[in-house]
Amino acid sequence: MPKLTAYGGVNEIGGTKILLEEREWRIWLDFGMSFALADKYLDEYLSPKKYNGVLDFLKLGLLPELADMGGFYREDYLKHSGIDTLSKPAYDAVFLSHAHADHSNYIHFIRKNIPIYSSEITRRILASTETTSPSSGFTDFTKLTESFQLRPRQKGEGWIKLKGEEAKIARDFSTTEENDNRVKLGDELIIEAVPVNHSLPGACAYIVHTGHGAIVYTGDLRFHGYRGDLTQAFVEKVAKLGPIALLCEGTRIGDEKKGSLSEEEIQEEIGQVVQNTDNLVIVDYPPKDIERMRTFHEVAKKHHRKLVITLKQAHLLKLLQDTDADVPALDDPHIAIYADRKRWGLITKSDWPSEIAQQDYDLWEREFLNYPNCVTCDDIQRNQREYIVRIDFFSMTDLVDIQPKPGSCYIRSITEPFDEEGEIQREKCENWLKLFGLYPYHQIHTSGHASESDIVNLIEKMAPKVLIPIHTVKPEFFTQHFKGSGIDVREPIYGESIPIPD
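Residues numbered from 1 in each chain as written. Predicted model: local features only at pLDDT ≥ 70, side-chain atom pairs only at ≥ 80, totals over all residues. Heavy atoms only, no water.

Side note on the nonpolar core
Rule in force here: Take the buried residues of types Ala, Val, Leu, Ile, Met, Phe, Trp, Tyr and Cys, join any two whose side-chain atoms come within 4.5 Å, and each joined set is a nonpolar core. Partly exposed residues are those whose accessible area sits between 20% and 50% of the maximum for their type, while under 20% is buried and over 50% is exposed, using a 1.4 Å probe and protein chains only.
Membership of the largest hydrophobic core comes to 69 residues, with the highest contact counts inside it found for Phe31, Phe72, Tyr73, Val94, Ile107, Ile309 and Ile411. Membership of the second largest hydrophobic core comes to 28 residues, among which are Ile27, Tyr117, Ala193 and Ile215.

Structural notes on the state of the cysteines
Put simply, the rule reads: Here, the term disulfide refers to a pair of cysteine sulfur atoms separated by no more than 2.5 Å.
Using the criterion set out here, one finds zero disulfides in the structure. With no disulfide of its own, Cys248 has Cys204 as its nearest cysteine by sulfur position, at a separation of 15 Å. Unpaired in terms of disulfides, Cys429 finds its nearest cysteine sulfur in Cys409, a separation of 13 Å. Classification of Cys429 as buried rests on a relative accessible area of 6%.

Overview of the packing of aromatic side chains
Condition: Here a pair means two rings of Phe, Tyr or Trp (six-membered ring of Trp) with centres within 6.5 Å. Their orientation is stacked below 30 degrees between planes, edge-to-face above 60, and tilted elsewhere. Only DSSP runs of H or I covering at least 4 residues are called helices, and only runs of E covering at least 2 are called strands; the numbering of each starts at the N terminus. Charge-over-ring contacts are defined here by two conditions on Lys NZ or Arg CZ: a distance within 6 Å of the ring centre and an angle within 35 degrees of the ring normal.
As enumerated under the stated definition, the model contains 25 aromatic pairs in all. For the ring pair Phe95 and Tyr206, a centre distance of 5.6 Å and an interplane angle of 70° mean the geometry is edge-to-face. A residue pair is termed long-range when its members are at least 10 positions apart, and Phe95 in strand 4 (residues 93-95) and Tyr206 in strand 13 (residues 204-210) qualify at 111 residues. Judged by its relative accessible area of 0%, Phe95 is buried. Given the relative accessible area of 1%, Tyr206 is considered buried. Through a chain of ring-to-ring contacts, the aromatic side chains of Tyr7, Trp28, Phe31, Phe72, Tyr73, Tyr91 and Tyr494 assemble into a single cluster. Sitting over the ring of Tyr91, Arg26 keeps its end group 4.3 Å from the ring centre. A cation over a ring is seen here: Lys434 above Tyr439, with NZ or CZ 4.8 Å from the ring centre.

A look at the sheet that holds strand 21 (residues 409-412)
Rule in force here: One bridge is not enough; two strands pair if DSSP finds at least two bridges between them. Should any heavy atoms of two residues lie within 4.5 Å, those residues are considered in contact. An axis is simply a line fitted to the C-alpha atoms; with a helix, the fit covers only the stretch in contact. Between two such axes, the angle follows the N-to-C directions and lies from 0 to 180 degrees.
Strand order across the open sheet formed by seven strands is 19-18-17-20-16-21-22, with parallel pairing between neighbours. Of all strands in the sheet, those with a lone pairing partner are strand 19 (374-375) and strand 22 (442-443), marking the two edges. Pairing of strand 17 (residues 306-309) with strand 18 (residues 335-338) involves three bridges; the strand directions are parallel. Its bridge partner lying in strand 18, Val308 is registered against Ala336. Helix 8 (residues 290-302) rests against strand 16 (281-284), strand 17, strand 18, strand 20 (387-390) and strand 21 of the sheet, and its axis sits at about 145° to strand 17.

A word on a negative patch on the surface
Filter applied, for reference: For patches, a residue must show more than 30% relative accessible area and have no salt bridge; joins then use 9 Å for like charges and 5 Å for nonpolar side chains, namely Val, Leu, Ile, Met, Phe, Trp and Tyr. Every accessible area reported is derived by Shrake-Rupley at a probe size of 1.4 Å, with residue values counting cover from the shown protein chains alone. Criterion for a salt bridge: a side-chain nitrogen of Lys or Arg within 4 Å of a carboxyl oxygen of Asp or Glu. Counted as positive: Lys and Arg. Counted as negative: Asp and Glu. His and the chain ends are not counted at all. A charge is said to be at NZ when it belongs to Lys, at CZ for Arg, at CG for Asp and at CD for Glu.
Taken together, Asp39, Asp43, Glu44, Glu420 and Glu421 make up a surface patch of like negative charges. Turning to its location among the elements, Glu421 is positioned in helix 14 (residues 420-435).

Quick word on the sheet that holds strand 24 (residues 488-489)
Within the open sheet, the seven strands sit side by side as 11-12-13-14-15-23-24. Their pairing is mixed. The open sheet is flanked by strand 11 (182-185) and strand 24, the only strands paired with a single partner. Where strand 14 (residues 213-217) meets strand 15 (residues 245-249), three bridges bridge the pair, whose relative direction is parallel. By the bridge assignment for strand 15, Ile215 is matched with Ala245. Along the sheet face, helix 6 (residues 228-239) touches strand 12 (189-195), strand 13 and strand 14 and points at about 145° away from the line of strand 12. Relative to the sheet, helix 15 (residues 452-462) contacts strand 15 and strand 23 (466-470), its axis offset from that of strand 15 by approximately 170°.

Things to note about the packing of helix 5 (residues 120-132) against helix 9 (residues 311-320)
Cut-off, in case you're wondering: Crossings are classed by handedness, with left-handed meaning an anticlockwise turn of the near helix from the far one by less than a right angle and right-handed meaning a clockwise turn. Each residue receives one of three labels: charged for Asp, Glu, Lys and Arg, nonpolar for Ala, Val, Leu, Ile, Met, Phe, Trp, Tyr, Cys and Pro, and polar for the others, Gly being one of them.
One way to put it is that helix 5 packs onto helix 9 with a least axis distance of 9 Å and a crossing angle of 145°. You can see that helix 5 and helix 9 cross each other, and the crossing is right-handed. Along the contact surface, helix 5 presents Ile121, Arg124, Ile125, Ala127, Ser128, Thr131 and Thr132, while helix 9 presents Lys312, His315, Leu316, Leu319 and Leu320. Across the contact of helix 5 with helix 9, the residue classes tally to six nonpolar, four polar and two charged.

Some remarks on helix 9
Across the 10 residues that make up helix 9, a large majority, seven, are buried. Residues of helix 9 that are buried in the fold lie against helix 5, helix 8, strand 17, strand 18, helix 11 (363-369) and strand 20.

Regarding the side chain of Thr175
In this fold, Thr175 is placed in strand 10 (residues 173-175). Thr175 gets classed as buried once you look at its relative accessible area, which sits at 4%. Among residues more than four places away in sequence, those in contact with Thr175 are Ser118, Ser119, Glu120 and Arg123.

Regarding the pairing of strand 13
Burial analysis of strand 13 places seven of its seven residues in the buried class, the great majority of the element. Neither face of strand 13 is left uncovered, since the one carrying Cys204, Tyr206, Val208 and Thr210 and the one carrying Ala205, Ile207 and His209 both have all their residues buried. For strand 12 and strand 13, the ladder comprises six bridges, and the chain directions are antiparallel. Along strand 13, the bridge assignment pairs Ile191 with Val208. When strand 13 meets strand 14, the two strands line up antiparallel, connected through five bridges. What sits directly across from Thr210, in strand 14, is Gly213.

What follows is the structure, encoded as structure tokens:
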């Protein structure tokens, strides 16, 4: 019989890593980073040592200590740490539900010849992150940069370290669309990707068709986004199957009092604030939340402003232009690209040669500096009524360059803090806002996750034989709520297998 083992997402939101074993097949559903555990040990300037490969991560519990780790984790890391590797992969595939870090980031550590599958949009989002955030040293997603390798010098004797483009090799990374959304392993195991709505595009759930019946994994989803119909169609599809098991997210269990405003309602609230703002509108929303970007873009169009996006967001939109992610075009008249001042801050100094000013930016950024809709802090400062500009916590110093005028406002469109560190960060943010006369601010947000009542309805319609709550800090809710319903609720324990009967 099949069995499921959770190595993340257990009594926590995120960090999801689910191992499914069926006969000779072993596959992973997501392989993400645990924010809670990482925050317990690590900080911005306290990070694992690259030369230790996976050892620091294993010691901290960030990666599962698998008995056959030599057949799963990347060989260059293991060899450098003196650990033997197996000649063949010990696992058959990894299936990613979406590109949020808590579901996908730790594929960096997977050996190159274990197949990874995701939607095409998820692959492109990961590729953008790979390009625009290389400084962390742990962002090998669609490609793998071999570490601790040498090559002979081209001239003379000796060796040099392999680095840069010559160190990059292809991963075994495929998209579910290439396989008509169904990946077949052996004669009876079929993994079917089903699109759902979440706060970034490309999210999907998975239906694993086995010889015993369907095992379903929700990933992260919601019903109240612009494409909530995708999630509803997924529920209806599964309800017809009568699944033997359901791995269900429960991010917002116990959070019912906050409700779920639709993106259309969020758009209406934001529009009212913008309409009543005389000067600059400053906003913060998650950088990859394309649906929220679309909301602000629609407001900008309606109120004759331009939504100013970051260089990283511009790179992401460029990669998503020819997909069904429904993103704004980079040359849209209501989109502007913000070239913030970096390094020497030369982008606003016309007396310096342009080729020198461009050296303040990474290679991938320089393309956007030549776009006709690229703007600087000087442009925004002079024409504050024209813009809605995204400034997050980590770029608050840009307020010094922009100098918002009286009559400007700040809209915070991210979730409320859920830990002490988040509270400290919000307090610092508020200090900046008070300094520039932007306090009190407007908190306008809706979650990327389904509400408690929506999750209950989803489970009742799907009617699984076994229910395994994951990605939640309140798994006991499921046990209590479905007691006597005929649904066998199995609260997962880290590293302990749950057998799934027919």
